[in-house]
Amino acid sequence: MTLASKTPVLIVGGGPCGLMLSIELGRRGVESVLVDGKDRTAVNPQANATQARTMEYYRRLGFADEVRALGLPADYPTDIAYFTRYTGIELARFQLPSSAEAGSVARNLSGVWNAAELPHRVSQKYVEEVLRRHAEACATSSVNYGWRLLSFDEQPGSVLASVENVHSGERQTIEADFLIGVDGARSTVRRQLGIRYGGETGVERDFFGGKMAAVYFRAPDFYERVPHPRAWMYWAFNPERRSWCAAVNGRDEFAFHTQLKPGESDQVSDERAKALFAQVMGVQLDMELLSVDTWIAGHALVADSFGKGRVYIGGDAAHLFTPAGGLGYNTAVEDAVNLGWKLAATVKGVAGEGLLPSYAVERRGLAIRNTNYARQLAESIGNYVPHPLIEAEGPAGDEVRREAGDYLNGHSRREFNIPGITFGGRYTGSPAIVPDGAPEPPDAANIYVPTASPGGRLPHMWLEDGRSVFDLLGFEWSLLVTGPAAQDRIGPFRAAADDLGLELTVVELDFDAARELYGAELVLIRPDQIVAWRGAAGSTEPKVLMRQLMGKADPAAARS
Ligand SMILES: Cc1cc2nc3c(=O)[nH]c(=O)nc-3n(C[C@H](O)[C@H](O)[C@H](O)COP(=O)(O)OP(=O)(O)OC[C@H]3O[C@@H](n4cnc5c(N)ncnc54)[C@H](O)[C@@H]3O)c2cc1C
């Protein structure tokens, strides 16, 4: 089998970032070739949490329900629970709804959790299969596992990439207009560009700072042996061994992670993996090992550049997290959403030269923000050290456990209730945004302040008929009108969009709650649901504004 020898976009990497980019381009009819050196999507669970914002992106593409049906059974609680050992004493619990409850809970939440979707606790390996299926369903997306990038050469008008079939050794050159390196932490593309990761690495903590063992296993007796209500995530907290263990399918599969202590061997044999688990379980458990691996916790790294010209990077290739808060895969998906519409517009010739570089500006800032949050969360749990008496019988032990329970209850809400991180990211200073001068809301992990001031996610609202405002937006640009969508208001925007060859969907929300939430008569929303501009009809020249937003004009031109 040979691959296309010429393509507008070569995507290197078929993890969540690459697959999502393939879908974003494919849904816009833009051809791409994706290569990944593995034989298939991930077989290990890896990420366990799809954040609410990522679920909103999946909803936008029409497959949020498909993802929500994956992983744990519909009635399985998604609690986070902390124990001395899994068969020992429960210390703390953060109760969260099952996937069956998520829809109705979301409809009744407001304020910081006003969202079209709640988070979903599901292993990445299941999500990747859905992403692959939707990428392959796009007529213009070519998805090829078993092919790896060897090197590339950026020419004045294209990029020449050398790829190899990992089975036959067959080599081929692909000429691409753009090459996107979403090839993970060891990214060949990042290295060949000479871009380094900056930030923090090698941090040592009692937990989440050092070499970790990852054990994926099957144990049909787990639930019978654990004398506590079911949870999605089980944490063990004792001085001998700490861990977290995520329920993968709610029946018999689990993903267990523990930190290897200084002086302990880096080699994790099957026997040792079972012994490590017995320490956190408190008893020996019959288990079938599905995979045993190691990884490093303690990174908060962001690439010095996300690329330029014809070559860009995204996902883990551009930022590397310690998984506290569950942000790595979610940040990777959002990179693809941001890059997708800009790259498609550039390939189609409707964007100016300024649009694509705004990806690097916007997403690098977000990556610095998000890796910082993950670092703070890793410190909060990792530097809180189990007391030697945590398992002691009697009042002294009780007191230690009460204190630990208080701390862990507080921590679990800091780490797993993060609407501020999820919804509050902003692209302040981006050339693809026209600011309105409104004060920036505070950036806080656990509090999200809805604002339609340009640069952030359009604040969500439920309509009286039960629909989400996001379901009314177009796949490309949208103009939200908080009054009658009269011709004198919308006509100039339609003309501007037509001029540039852009699709514009007009959404009329002629009621007070919308006027109050959105704070302007007109709100212009980008394809990634980020507010690009807001104001009154007549306060800007839409043609100038939209040219600027598409990277075609002098940024000063559209500012009032
Ligand atoms: C234990 C653990 C738990 C985690 N938990 C969470 C969580 O709860 N939430 C969260 O958001 N994140 C979590 N993460 C992080 C998450 O798994 C990653 O951030 C995510 O996989 C990044 O996606 P990506 O597409 O950027 O890269 P990857 O998933 O790494 O995909 C990169 C792909 O590129 C391919 N590739 C590499 N080199 C080449 C080449 N030369 N040619 C072709 N293909 C190549 C690889 O085969 C791979 O498939 C966790 C990670 C770990 C280790």
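Please refer to the structure higher up on the page.
Here is a short report on the structure shown in this document. All values reported here derive from a predicted model rather than from experimental measurement. Once a new chain begins, its residue numbering starts again from 1 and follows that chain's sequence as written. Only residues with pLDDT of at least 70 get local features here, since the model is predicted, and only at 80 or more are side-chain atom pairs given and counted; chain-wide, interface and lining totals rely on the full set of residues. The basis for every side-chain value is the complete set of non-hydrogen atoms in the structure, without hydrogens or water.

### Things to note about the overall build of the chain
No. 1: Secondary structure is summarised from DSSP: a helix means a run of H or I of at least four residues, a strand means a run of E of at least two, and numbering begins at the N terminus for each. When helices and strands are counted, the chain shows 15 helices and 24 strands.
No. 2: Only the C-alpha atoms count toward the radius of gyration. The rule for a globule is 2.2 Å times the residue count to the power 0.38. Taking 24 Å as the expected radius of gyration for a compact globule of 560 residues, we find that the chain reaches 24 Å, a close match to that expectation.
No. 3: Along the longest, intermediate and shortest principal axes, the C-alpha atoms of the chain span 75 × 60 × 35 Å.
No. 4: We call a residue buried when its accessible area falls under 20% of the maximum for its residue type, exposed when it is over 50%, and partly exposed in between, using a 1.4 Å probe and counting protein chains only. Buried residues in the chain amount to 59% of all 560 residues.
No. 5: Accessible surface computed for the chain: about 21200 Å², of which carbon and sulfur atoms make up 49%.
No. 6: Charged-residue counts in this description rest on Lys and Arg as positive and Asp and Glu as negative, His and the chain ends being excluded. A charge is said to be at NZ when it belongs to Lys, at CZ for Arg, at CG for Asp and at CD for Glu. Of the charged side chains in the chain, 57 are positive and 70 negative; the average position of the first set lies 2 Å away from that of the second. Computed with a 1.4 Å probe, the accessible areas rest on the Shrake-Rupley method; for each residue, only the protein chains presented here act as cover.

### Some thoughts on the sheet that holds strand β22 (residues 504-508)
No. 1: What the 4 strands build is an open sheet, ordered β22-β21-β23-β24; its pairing is mixed. The open sheet has two edge strands with one neighbour each: β22 and β24 (531-535). Here the average twist between neighbouring strands, direction ignored, is 15°.
No. 2: Two strands pair if DSSP finds at least two bridges between them. As defined by bridge partners, strand β21 (residues 477-481) adjoins β22 across 5 bridges and the pair is classed as parallel. By the bridge assignment, Trp 477 is partnered in β22 with Leu 504.
No. 3: The contact rule is simple, with two residues in contact once any of their heavy atoms fall within 4.5 Å. Interaxial angles span 0 to 180 degrees and are taken between N-to-C directions of axes, which are lines fitted to C-alpha atoms, for helices over the stretch in contact. Where helix α15 (residues 542-549) meets the sheet, its contacts fall on β21, β23 (522-525) and β24, and the angle it forms with β23 comes to roughly 30°.

### Side note on the site of the ligand
No. 1: For the ligand, the set of nearby residues contains 33 residues, the closest of which are Asp 36, Lys 38, Gln 124, Asp 316 and Tyr 329.
No. 2: Pro 16 places a main-chain nitrogen or oxygen 3.2 Å from an oxygen atom of the ligand.
No. 3: Summarising the interface, the protein chains cover 85% of the accessible area of the ligand, which totals 1000 Å² for the free molecule.
No. 4: Every element with two or more residues in the shell around the ligand is listed here: α1 (16-26), β2 (32-36), β8 (147-154) and α9 (328-347).
No. 5: Top element by residues in the shell around the ligand is α9. It accounts for 4 residues.
No. 6: Any residue outside Ala, Val, Leu, Ile, Met, Phe, Trp, Tyr, Cys, Pro, Asp, Glu, Lys and Arg is labelled polar, Gly included; the first ten of those are nonpolar and the last four are charged. A class-by-class count of the residues in the shell around the ligand yields 14 nonpolar, 14 polar and 5 charged. If even one non-hydrogen atom of a residue comes within 4 Å of a molecule or strand, that residue is called near it. Here a polar contact means two N or O atoms within 3.5 Å. Within protein one must be a hydrogen donor candidate and the other an acceptor candidate, and residues neighboring in sequence count only if both atoms are side-chain atoms.

### Re the sheet that holds strand β4 (residues 80-83)
No. 1: Judged by pairing direction, the sheet is mixed, and its 7 strands sit side by side in the order β5-β4-β13-β14-β15-β12-β16 without closing on themselves. Whereas interior strands pair on both sides, the edge strands pair on one side only; in this sheet they are β5 (90-94) and β16 (288-297). Recorded for the sheet is a direction-independent mean angle of 15° between the axes of neighbouring strands.

### Here's the deal with a nonpolar patch on the surface
No. 1: Like charges within 9 Å and nonpolar side chains (Val, Leu, Ile, Met, Phe, Trp, Tyr) within 5 Å are joined into patches, using only residues over 30% in relative accessible area that form no salt bridge. Here, a salt bridge means any Lys or Arg side-chain nitrogen found within 4 Å of an Asp or Glu carboxyl oxygen. A cluster of nonpolar side chains, Val 112, Ile 447 and Val 449, forms an exposed patch at the surface whose accessible area comes to about 210 Å².
No. 2: Mapping Val 112 onto the fold places it in the loop between α4 (99-108) and β6 (120-121).
No. 3: Here Val 112 falls in the partly exposed class, since its relative accessible area comes to 30%.

### Overview of the environment of Ala 303
No. 1: In this structure, Ala 303 sits in strand β17 (residues 300-303).
No. 2: In this structure, the C-alpha to C-alpha distance between Ala 303 and His 411, residues 108 residues apart in sequence, is 29 Å.

### Looking at helix α8 (residues 270-281)
No. 1: Between the first and last C-alpha of α8 there are 16 Å, a value that for 12 residues agrees with the 16 Å anticipated at 1.5 Å per step.
No. 2: Among the residues of α8, those classed as buried are Arg 272, Ala 273, Leu 276, Phe 277, Ala 278, Val 280 and Met 281.
No. 3: In this structure, the buried side of α8 is in contact with β12 (210-218), α7 (222-225), β13 (233-236), β14 (243-247), β15 (253-259) and β16.
No. 4: One or two positions beyond α8, positive phi appears at Gly 282, with a value near 90°. One less than the residue count of a helix, multiplied by 1.5 Å, gives the span that helix is expected to have.

### Points about the pattern of salt bridges
Side chains that differ in charge, positive against negative, can pair when their charged atoms come close.
No. 1: In total, this model carries 42 salt bridges according to the counting rule given.
No. 2: The shortest N-O distance in the salt bridge between Glu 391 and Arg 85 comes to 2.6 Å. Of this pair, Glu 391 sits in the loop between α10 (355-382) and α11 (395-416) while Arg 85 sits in the loop between β4 and β5, and the two are 306 residues apart along the sequence.
No. 3: By relative accessible area, Glu 391 is classed as partly exposed at 35%.
No. 4: Its salt-bridge partner being Arg 241, residue Glu 264 comes within 2.7 Å of it at the nearest N-O pair. Taken together, the positions of Glu 264 in the loop between β15 and α8 and Arg 241 in the loop between β13 and β14 put the pair 23 residues apart, joining distant regions of the chain.
No. 5: Residue class for Arg 241 comes out buried when judged on its relative accessible area of 2%.
No. 6: One network of salt bridges, with partners in common, ties together Glu 24, Arg 28, Arg 60 and Glu 476.

### Re empty space enclosed by the protein
No. 1: In this analysis, the protein atoms alone were mapped onto a 1 Å grid. Cavities are point sets where a 1.4 Å probe fits without being able to get out; pockets are open sets with protein on both sides within 12 Å along at least five of seven lines; lining residues have an atom within 4 Å of a point. Grid points are joined across faces, edges and corners, and a volume is the space filled by probe spheres set on the points. Inspection of every chain in the model, using the stated rule, returns 2 cavities of 30 Å³ or more.
No. 2: Roughly 200 Å³ of internal volume is contained in the largest cavity.
No. 3: In this structure, the largest cavity is lined by 20 residues; those nearest its centre are Arg 53, Glu 334, Leu 366, Ile 421 and Thr 422.
No. 4: Those elements that place two or more of their residues in the lining of the largest cavity are α2 (52-60), α9, α10 and α12 (419-423).
No. 5: Considering only residue class, the lining of the largest cavity consists of 7 nonpolar, 7 polar and 6 charged.

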